Each structure stands twice: as C-alpha cells, then as structure tokens.
There are 2 protein chains.
Amino acid sequence: MQALVFDGELRLADVPTPRPEKDEALVRVLSAGVCNTDLEILKGYMGFKGIPGHEFVGIVEECANEHLRGKRVVGEINCVCHRCEYCQLEMPHHCLNRSVLGIQNRNGAFAEYLTLPEENLHLAPPSVRDDVAVFTEPVAAAFRITEQLTITASDRVIVLGDGKLGQLAAQVMWLYTKQVTCVGHHAWKLELLKNLNIGTALSTDPVESGVDIVVEATGSYEGLRRALELVRPEGTVILKTTVAQPTALELSMPVINEVRIVGSRCGPFRPALEALALGNVEVRPMITETYPLKDGVFALHRAGEDVMKVVIHV
Amino acid sequence: MQALVFDGELRLADVPTPRPEKDEALVRVLSAGVCNTDLEILKGYMGFKGIPGHEFVGIVEECANEHLRGKRVVGEINCVCHRCEYCQLEMPHHCLNRSVLGIQNRNGAFAEYLTLPEENLHLAPPSVRDDVAVFTEPVAAAFRITEQLTITASDRVIVLGDGKLGQLAAQVMWLYTKQVTCVGHHAWKLELLKNLNIGTALSTDPVESGVDIVVEATGSYEGLRRALELVRPEGTVILKTTVAQPTALELSMPVINEVRIVGSRCGPFRPALEALALGNVEVRPMITETYPLKDGVFALHRAGEDVMKVVIHV
C-alpha cells in the first residue's frame, strides 16, 4: 500500500499492508486530518518513526466482530494492555504499555490501511461526512476538558490560541457557557468563531483578566505564562500545549493565587461524535485545504503554514 | 514599643505602639515564630517594608468584643475588605484589597504589640503552650491541602522538603493516609519524622515514583520538576514553594500525564488548633532555638542556617 513514512524525513513510500493482530481490525482509510502533533513529530517529538497520522475515518475491511465489518468508523488512538496499574485504575489513556496511533510504537493513518484494536473503533453516524468525521479525535480532546472540570453558565472562559484545537475548545466550552473569548494572533481565524457568535479578541487587544478558566492551546511555550496572568485566584488553567521546549515560569503567583493547572490530552469519542452529528460543533469552515495521499508530503508542509485544517483524502 | 523593622535591612527599633482601628484588636505578643517567608522578605520578596512576622500567640489588650479581651489568641494573617469580588465569592484569602500580617501592607508580629481585625483572632486552647501555638498558622497552611484535595487511606503521598512546612505537611498528610514519605536533604531533620513513625528518604535515596500526591515544599525552584517526575498520571502536585526565581519546566510531560498542579497557601485555623491541642501534630521537637526579641536580628540570621524552627519570645 501507499503511505507517508517518517524516518527522519517524510516521504511517500510503498509499504506492506498491515496485518491485524488478534482483536484488531484492518481499516481502509478514507480521510485523515493533519494535527499539530504530526508537525511536532516531524521535528522529532516522541522520537516517532513510521507512518504518522491519528485523525481518520475509514471502512472496516477485516475484523472478528461482524457488526463492525464493512462499517465506516473513527478510532480512539490509545491502544492499551488492560493489565497494568493504570488500566486497572480505569485510566487506560495512561496505560504503561500503550501504543498510540501514529504517535508512539504504532503506524498511523496517513496510509491506505491501518490496524487498531476493535475496541477502539466507533461507528461514524451516517450524517457525519468524511471530512467532518476526521475531526472526532480533536473534538474529543476538547471534550476532555469537560470531564476534568465542571463548567457552568456563570463561568468566564478564555481560550488562548486560535488554531485548530483552540477553536474546537472554544466551541465546546461555548456549549457550557456563553462567556467564552478566544484570543489569537490571526483575524482571519478568529472570524470563523465570530461567525458562530463566539467571543474573540486579537492577542494585542486588551482582555479582562480574572476569568474562571483559561484553556491554553497556543502551541507555544509562552502560553502558560499568559494564562497565569489571566486566570482568577483559585481558577483553573487547562494545559493543552505539548511542546518540548522548556518554559521559564515564575511560580510564586500561582501559589499565592492558588491556581490549578491541569494537563489535558485525549478525550471521549461519544460526545464528540454526537456534537458533530448534531452540528453543535461546526468544523467544515476550518478545513482550508485537501490533498490526495500522493501529495501528502506537500500537505504536511502546507499544514505548517498559515492555514487551518488540512485533510488528506486516501 | 520595641520591634524588628525591615527597610532594606533588619534592625531592632523603638517605634510607636500601634493603635487598633475600628473592629481591630490590640494584641500583646507573647511569642512569634520565624518562617521562611520572613527570610524571603529580607531578600526583597513582596517588596515589604515594616515589621515582619506573621506566626504569633498573644494576649488581647484592647478590643470591642469583651469575650476576647484579656484572652490568649492566635490570628489569621489575611485582613480582608468583605466587599470585593473574591470576598463575596467566599474566597477572602484572595481579597483584592487585603493586607497580610507582616507580609503585605501591615506590620507584623516581631514586636511587642500588633493589631489585627477581631474577626481574625482565635482563642488558643489552654493546653496549647505558647511555643506550640505559634505553629498554628503553618499547621493551618498544611491543612489547606486537605481542603483542596480529598485524601484517602489508599493514597500514596510524597512530601518533597524536610523543612518546617514539609514536616508539618507530612504530619498532616499522615492523619489521612499512612503511605507518606518525606524526602529531604537532612538526615537530622528527617529523624524528627522517623520518631513519629512517618516514612522518610534522603534525596539521594531511590524513591518509588507514580504516587498519587506530591507536596512540593522544598523552598527551591527545582522542586516542581522533581515533583512532576514522581507523581502518577492524573495525580496531583501541591505547590507550596514561593520563590521569585523563575523555573524552567518541560511542560509536555504534565500534559501527557494529565497532572494537576495546585497552588496552596493559607489554611484553616480551626483544624490546626485542634490538631495542636490533641497532639495529632507534634511541633515542639521542631523548635531548635529560642531568642528574646532584643536578639531578634540574630534570631532571623540563625533561622537562615541549618536549623528548624526559631521562636522569638517577646
């Protein structure tokens, strides 16, 4: 099959079609989304070598469960052992023996086929188009915040970052409180949220500080410092940015203000699929470019430029 | 009256006895404890000028409330406005207009007299000796952790730092779970906890990581990095250290592990007094030196050396 392979540099290659192991399904990829984590991987993040890509929709070609065979699915990316301490504590995302699709010890979705454990797959509702379904994983990551924190209509929220994850976080927060402001560098990106009646501000604009919740999704090591300036005493900062670069932080302020800083990663697929099916989260305007897999190297190059979502059709 | 005054350097001085304002009490100080925050103040922390000291026990000499007059009291250090947003949200410790005894805009306890709002005062139980009562404020700071976090007998806790606050935190954590290990640099300080059957380890010893809760009380900007290595996924780091020096942190690990980092400051006096009265927290072995107020400059100098609690008798 054809696939994008990263081994220090990214190239299109002919590689063997993967064989599903026990309890795994073989999935023919229809579409895959490019995430900033993919771009970080091309810079060496996680030391990953292989086929990147972890946001996808596809058709199950082979699997033991006949109810899944031939069905259109999306898939959770953490493949877990069910035996380690964290699996037994019902924190499978933190499985000590996990592989992660296209990120850690498992080939990913920028390919004609991928394999995943059957238990990772979710049927894509028919009303959710392919190019919408590829957003399930990042929308789930936004819903993770709502599992970690009770958000009510009286909460004031600032989302730092107008990129893909920032916009999805702002949309998901907006389902819980209308007092959401997304702060970013790009007027044209913020325009997408304005069209949904979600509050926005340019980074150079003054914004009211002392908010209850700040979601840090800037993708920059500077983001947390700004978040700590904006959050109220005993408020919460949700940390979404994963960058390898160390951040210099003055920690006495969060101690004096008794701020909570909460790391946040992968989230629940079910509310994400529901939000996409109902149109509660609007993702199609975020797709700026689509490419066939054969142009995948260029697609990932473009994803690092001034665009929003790049989708690869396989 | 005599007092220690800091205005860039610390000196013993004759200053006017303070006059209590409306709703305030005049307190004759009996004993005061030296805290690391006092030492930070002498280095310029908070930009404080005036009389430092915020851990005390004293006798109420003047006040409107006759039930307090002549009584032995300890006092909460945050003096609040009751009108601002955070007071109204029942977070008076974060009052926007607060003064803080011996730390911010209010003269402190290294003096013959101090003033505090009556509402800040708590009667010291007769069974609590003066040199024990001065620990009420830091013991309350340790109990603050139990307000921010549910701690159960199955939780494994590491306390980083064998100084005064680390030891009090370890003792308070031990009331909730016996799986407590205090990690520090000083064998002789850890010995105090060993005598209470609380687990200890030297910083150079191997300690099992993946614990549920890490209390960071090292007083060093390096402490948080170590705490993040020791805490389990979805575990909690309680940040007690306030140092002005910025810390370089690699933030992708706490995001991937979805760690909670919670700043923690002042706490509730009632459980602290109860623990001291019942002997559930044992503080007298922590007192290494006591000095009269006239030797206060030397006392604060000594407090910065290889000692535990220094107490000033007035």
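Rules and cut-offs
Residues numbered from 1 in each chain as written. Chains lettered and ligands numbered in written order. Predicted model: local features only at pLDDT ≥ 70, side-chain atom pairs only at ≥ 80, totals over all residues. Heavy atoms only, no water. Least-squares fit on C-alpha atoms with pLDDT ≥ 70 in both. Contact = heavy atoms within 4.5 Å. Axes fitted to C-alpha atoms, helices over the stretch in contact; angles between N-to-C directions. Helix = DSSP H or I, 4+ residues; strand = E, 2+ residues; numbered from the N terminus. Parallel < 35°, antiparallel > 145°, perpendicular 65-115°, else oblique. Left-handed = near helix turned anticlockwise from the far one by under 90°. Nonpolar A, V, L, I, M, F, W, Y, C, P; charged D, E, K, R; others polar. Buried < 20%, exposed > 50% of the residue type's maximum accessible area, 1.4 Å probe, protein only. Pairing = 2+ DSSP bridges.

The two copies are related by a screw motion: chain B maps onto chain A through a turn of 180° and a shift of 0.0 Å along the axis, at an RMSD of 0.0 Å. As the rotation angle and translation indicate, the two copies are arranged about a two-fold axis. Across chain B, the rotation axis passes nearest the C-alpha of B:Ala248, at a separation of 2.1 Å. Of the residues that chain B buries at the interface, 100% are likewise interface residues in chain A, meaning the two copies contact each other through the same surface.

Now for the packing of helix α4 (residues 136–148) of chain A against helix α9 (residues 269–278) of chain A. Residue and element names in this part refer to chain A. Remark: α4 packs on α9, axes separated minimally by 8 Å, with the N-to-C direction vectors making an angle of 115°. Classed by the angle they form, the pair α4 and α9 counts as roughly perpendicular. Between α4 and α9 lies a crossing of right-handed hand. Between α4, through Thr136, Glu137, Val139, Ala140 and Phe143, and α9, the contact on the second element is made entirely by Phe269, Pro271, Ala272, Leu273, Ala275 and Leu276. A class-by-class count of the residues in the contact of α4 with α9 yields nine nonpolar, one polar and one charged.

Before going further, it helps to examine the pairing of strand β13 (residues 211–216) of chain B. Residues in a regular strand project their side chains so that they alternate between the two faces of the sheet. Residue and element names in this part refer to chain B. The buried count for β13 comes to six of six residues, which makes it a mostly enclosed element. Two elements, strand β10 (residues 157–160) and β13, share four bridges in a ladder whose sense is parallel. Following the sheet pairing, leucine 160 is matched in β13 by glutamate 216. With five bridges joining them, β13 and strand β14 (residues 231–239) adopt parallel strand pairing. The residue of β14 that forms the bridge with valine 211 is valine 231.

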